[in-house]
Amino acid sequence: MKALTPGRIGGLTLRNRIVKTATYEGMSPGGRPGDALIELHGDLARRGVGLTTVAYGAVEPEGRTFGEQLLLDDGAREGLKRLTDAVHAAGGAASLQLSHCGGFSKIGQPRGPSWGFNRYGALMGRPLVRPMKAEHRERIEAAFVRATRLAFACGFDAVEVHLGHGYLFSQWLSPLFHRAPLEERLAWPTQVLRRIRAEAPGAVLAKTNLEDGVRGGLSPDDAVQVAQAIEAHVDAIVPSGGLVQINPMFLLRGLAPLADMIAVETHPLQRLALRLFGPFVLRDAEFAPSFFQGRAERIRDAVDVPVVLLGGIESKAAIDAAMEAGFPFVALGRALISDPDFVQRLEQGEDVVARCDRCNRCMAEMDRDGVRCVLP
Ligand SMILES: Cc1cc2nc3c(=O)[nH]c(=O)nc-3n(C[C@H](O)[C@H](O)[C@H](O)COP(=O)(O)O)c2cc1C
């Protein structure tokens, strides 16, 4: 099976082509990598995953959407080092997602490309998104560079820069948040990627949107141009889609876990917000296996760097089809949450289909004791 053969992303050789994509684990108490986080990624490597991605690393305190996200500062150093040691001891490789939330935050001062309404943090007293000034951009750029140095100093083999899902660079690239021509929208994210690339002794991946999936957002045509503009500065592109603050089910598909999210929300005002606005934002969305493949093929045809296929990959058949269609790597989220032994079973020759039924209740679990599959 081709997916079980080694593959290269930049200078990094992976033992196979199966990537565990970023699924924020909720295992970073006080912003520090917890033992459970280290155990989880060590375990995925022991079970054969080629590259495991540690999710949502905020490059500075203001880059967090909420307080318990992993914060990439000196205090995280020791835990991150233990995590990469555990992954390497099992023959795997580790990637760290570098992120900033911009104007989509419950804490700090939301800032984005333009004035806007932060409905995610509105009831927490942060309704207004202010435009970033040059000094904010410089501070954030420096924070991405620092986080890159930290990641590689802690033994990570790769970093994944988040340019999708409605976070800061996704806001910057999207005409919905940033009313400027595409060339102008591209300038700053491209510059930051260039600086990250210059600092990185290992691989640099970019997670992008292949469309925002809402009227007035980043279009599939724009997304192709984004991929072409950034490819000189990255070793691989991981196209996804959707905006967490507007259409989160676009990137997940399946059932909206609203009742569970209300149940785990501890803040009364946030719970109220979820009850009032949740039904408009979190709506069931039809799932299809490999749901981004058609759109991702457009990106793959437009660039020379490897494109990692992501979104609804849940079976051996889907992985084989992705490889045949010319994607050199696949990334799996929920299939590895529901079936952490997925790769082992592929290695044993099984025609694996993940148990995941896209109930998406794993999303709510991250606010309980950490992401886990709720299936018995
Ligand atoms: C519980 C959970 C947490 C997630 N957290 C992140 C995250 O921190 N960063 C990110 O880029 N995507 C995140 N995602 C989205 C996944 O990376 C991926 O794009 C999505 O789940 C579709 O892939 P799948 O069908 O293989 O699950 C998360 C998804 C889930 C289910």
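Structure report, in brief. (Residues numbered from 1 in each chain as written. Predicted model: local features only at pLDDT ≥ 70, side-chain atom pairs only at ≥ 80, totals over all residues.)

1. Quick word on the overall build of the protein chain
Next, step 1: What the protein chain contains, in helices and strands, is 14 helices and 14 strands.
Next, step 2: Compactness check: the protein chain gives a C-alpha radius of gyration of 19 Å against a globular reference of 21 Å for 376 residues, within 12% of the reference.
Next, step 3: Reported as C-alpha extents along the three principal axes, the dimensions of the protein chain are approximately 55 × 45 × 40 Å.
Next, step 4: Taking all 376 residues of the protein chain together, the buried fraction comes to 52%.
Next, step 5: Taking as baseline every contact in the protein chain between residues at least 6 positions apart, the subset at least 24 positions apart corresponds to 71%. (Helix = DSSP H or I, 4+ residues; strand = E, 2+ residues; numbered from the N terminus. Rg over C-alpha atoms; globule rule 2.2 N^0.38 Å. Buried ≥ 20, exposed ≤ 12 C-beta atoms within 10 Å, placed from the backbone. Contact = placed C-beta atoms within 7 Å.)

2. Description of the site of the ligand
Next, step 1: Neighbouring the ligand are 25 residues; Thr23, Tyr24, Ala55, Gly333 and Arg334 lie closest to it.
Next, step 2: Listed by contribution, the elements that provide at least two residues to the shell around the ligand are strand S4 (51-58), helix H7 (249-252), helix H12 (334-338) and helix H14 (362-365).
Next, step 3: Its residues assigned to classes, the shell around the ligand shows 14 nonpolar, nine polar and two charged. (Near = placed C-beta within 6 Å. Nonpolar A, V, L, I, M, F, W, Y, C, P; charged D, E, K, R; others polar.)

3. Here we look at helix H9 (residues 268-281)
Next, step 1: A rise of 1.5 Å per residue sets the reference length of H9, with its 14 residues, at 20 Å; its end C-alpha atoms lie 19 Å apart and thus fit the reference within 8%.
Next, step 2: Along H9, the sharpest kink reaches roughly 40°, centred on arginine 275 and followed within four residues by the proline proline 279. (Expected span 1.5 Å × (residues − 1). Bend = angle between axes of the 7 residues up to and from the residue.)

4. A closer look at unusual backbone geometry
Next, step 1: You will see that arginine 253, though not glycine, has its phi angle at about 65°, which is positive.
Next, step 2: We note that serine 290 has phi near 50°; this positive angle belongs to a residue other than glycine.
Next, step 3: Its location among the elements puts serine 290 in the loop between H9 and helix H10 (293-302).

5. Description of the pairing of strand S9 (residues 128-131)
Next, step 1: With two bridges connecting them, strand S7 (residues 111-112) and S9 associate as parallel partners. In the strand pairing of S9, arginine 111 is matched with arginine 130.
Next, step 2: Both strand S8 (residues 116-117) and S9 contribute to a ladder of two bridges, which runs antiparallel. Opposite glycine 116, over in S9, you have valine 129 as the bridge partner. (Pairing = 2+ DSSP bridges.)

6. Regarding the packing of helix H5 (residues 182-199) against helix H6 (residues 220-230)
Helix-helix packing is characterised by the crossing angle of the two axes and by the distance between the axes.
Next, step 1: Their axes nearest at 10 Å, the elements H5 and H6 cross at an angle of 35°. Considering only the axes of H5 and H6, their crossing is right-handed. Taken together, the residues of H6 that come into contact with H5 (itself represented by Leu182, Leu186, Thr190 and Leu193) are Asp222, Gln225, Val226, Ala229 and Ile230.
Next, step 2: Its residues assigned to classes, the contact of H5 with H6 comprises six nonpolar, two polar and one charged. (Axes fitted to C-alpha atoms, helices over the stretch in contact; angles between N-to-C directions. Left-handed = near helix turned anticlockwise from the far one by under 90°.)

7. Considering H10
Next, step 1: Taken as a whole, H10 has its buried residues at Gln293, Ala296, Ile299 and Arg300. The buried residues of H10 all sit within an arc of 110° when viewed along its axis, so they share a single face. For H10, the exposed residues set more than 90 degrees away from the buried face come down to Gly294 and Asp301.
Next, step 2: Check the buried side of H10 and you find it contacts H6, strand S12 (236-240), strand S13 (308-310) and helix H11 (316-324). (Arc of directions from axis to C-beta.)

8. Topic: the nonpolar core
Next, step 1: Of all hydrophobic cores here, the largest spans 101 residues; its most connected members are Val159, Val308 and Val330.
Next, step 2: Among the elements that line this core, the one with the most residues is helix H3 (residues 134-153), at six residues.
Next, step 3: Residues Leu251, Ala256, Leu282 and Ala285 belong to the second largest nonpolar core, which totals seven residues. (Core = buried A, V, L, I, M, F, W, Y, C linked by C-beta atoms within 7 Å.)

9. A look at the sheet that holds S8
Hydrogen bonding along the main chain pairs the strands of a sheet, whether they run parallel or antiparallel.
Next, step 1: With respect to topology, three strands assemble into an open sheet ordered S7-S9-S8, the strand pairing being mixed. Edge strands, defined here as strands with exactly one partner in the open sheet, are S7 and S8.

10. A word on the packing of helix H1 (residues 35-46) against helix H2 (residues 77-89)
Next, step 1: Following both chains from N to C, one finds H1 and H2 inclined at 20°, their axes separated by 8 Å at the closest point. Of the possible angle classes, the one that applies to H1 and H2 is roughly parallel. Along this stretch, H1 crosses H2, giving a crossing that reads as right-handed. Each of Leu37, Ile38, His41, Gly42 and Ala45 in H1 lies in contact with H2, whose residues at this interface are Gly79, Arg82, Leu83, Ala86 and Val87.
Next, step 2: Of the residues in the contact of H1 with H2, the class split is six nonpolar, three polar and one charged. (Parallel < 35°, antiparallel > 145°, perpendicular 65-115°, else oblique.)

11. Comments concerning the environment of leucine 310
Next, step 1: For leucine 310, the location among the structural elements is in strand S13.
Next, step 2: Along the backbone, leucine 310 and valine 19 are 291 residues apart, and their C-alpha atoms lie at a distance of 9.3 Å.
Next, step 3: Discounting chain neighbours no more than four positions away, the residues touching leucine 310 are Thr21, Val238, Pro239, Ser240, Phe292 and Ala331.

12. Looking at the environment of alanine 89
Next, step 1: Along the chain, alanine 89 falls in helix H2.
Next, step 2: For alanine 89, a count of 11 C-beta atoms within 10 Å puts it in the exposed group.
Next, step 3: Sequence separation between alanine 89 and glycine 42 is 47 residues, and the spatial gap between their C-alpha atoms is 8.2 Å.

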